[in-house]
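Here's the letter readout for the chains.
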Amino acid sequence: MRKKNAALVLAAFSAAGILAASPASAAAEGEFPPYGCDADRYGILFGEGISLACFALRGHSETYRVVAHCASGSSYWYTVGQWVPVGFGPSRAECHGALLSSANVAGYQVDDF
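Cut-offs used in this document
- Residues numbered from 1 in each chain as written.
- Predicted model: local features only at pLDDT ≥ 70, side-chain atom pairs only at ≥ 80, totals over all residues.
- Heavy atoms only, no water.
- Helix = DSSP H or I, 4+ residues; strand = E, 2+ residues; numbered from the N terminus.
- Buried < 20%, exposed > 50% of the residue type's maximum accessible area, 1.4 Å probe, protein only.
- Contact = heavy atoms within 4.5 Å.
- Areas by Shrake-Rupley, 256 points an atom, 1.4 Å probe, with all protein chains shown as cover.
- Core = buried A, V, L, I, M, F, W, Y, C linked by side-chain atoms within 4.5 Å.
- Patch = residues over 30% accessible without salt bridge, like charges linked within 9 Å, V, L, I, M, F, W, Y side chains within 5 Å.
- Salt bridge = Lys/Arg side-chain N within 4 Å of Asp/Glu carboxyl O.
- pLDDT = per-residue confidence, 0-100.

Considerations on the overall build of the protein chain
Step number 1: Along the backbone of the protein chain there are one helix and seven strands.
Step number 2: When its helices and strands are written in sequence order, the protein chain yields α-β-β-β-β-β-β-β.
Step number 3: Taking all 113 residues of the protein chain together, the buried fraction comes to 28%.
Step number 4: Counting contacts in the protein chain only where the partners sit at least 6 residues apart, residues at least 24 apart contribute 58% of the total.
Step number 5: Looking at the protein chain as shown, the accessible area adds up to about 7,500 Å², and 63% of this sits on carbon and sulfur atoms.

Here we look at the nonpolar core
Step number 1: Counting 16 residues, the largest nonpolar core has Ile50, Leu52, Cys54, Tyr64, Val66, Ala68 and Cys95 as its most contacted members.
Step number 2: Breaking this core down by element, the ones donating at least two residues are β2 (47-54), β3 (63-72), β6 (91-96) and β7 (104-112).

A few points about a nonpolar patch on the surface
Step number 1: Nonpolar side chains collect at one region of the surface, where Leu45, Phe46, Leu99 and Leu100 lie side by side and expose about 450 Å² of accessible area between them.
Step number 2: Summarising the element assignment, Phe46 is placed in the loop between β1 (37-44) and β2.
Step number 3: Judged by relative accessible area, Phe46 falls into the partly exposed class, the value being 32%.

Some thoughts on the confidence of the model for the protein chain
Do not read the predicted coordinates in detail wherever pLDDT is low.
Step number 1: In the predicted model, the protein chain carries a mean pLDDT of 81, and 73% of its residues have values of at least 70.
Step number 2: Segment residues 15-30: pLDDT under 50, and 17 contacts once partners within four positions in sequence are set aside and those in other chains are kept.

Okay, here's the thing in structure tokens:
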């Protein structure tokens, strides 16, 4: 009886580990950053983030920020980065997941001001 219970608990933990470890490549890899910008995706604990550095934007924009489109299972939400002057440090947005469900960046957009 103890062996069966131990096997059942081990199977539950391994199934949870498989569900929590979704690949980062499941995000939309076909997207390209806007002209004059450089995007970089990076992994965090139970999630993924995006870093966007822009050196030139269309129009007369002076500041920008990245807006990450986050996804985890059937949940979708947005996370915004900080406003950054054009030509200076990157704007970062991170999608944080939960213990049993990892979040990823399904897409992103650039807000300019």
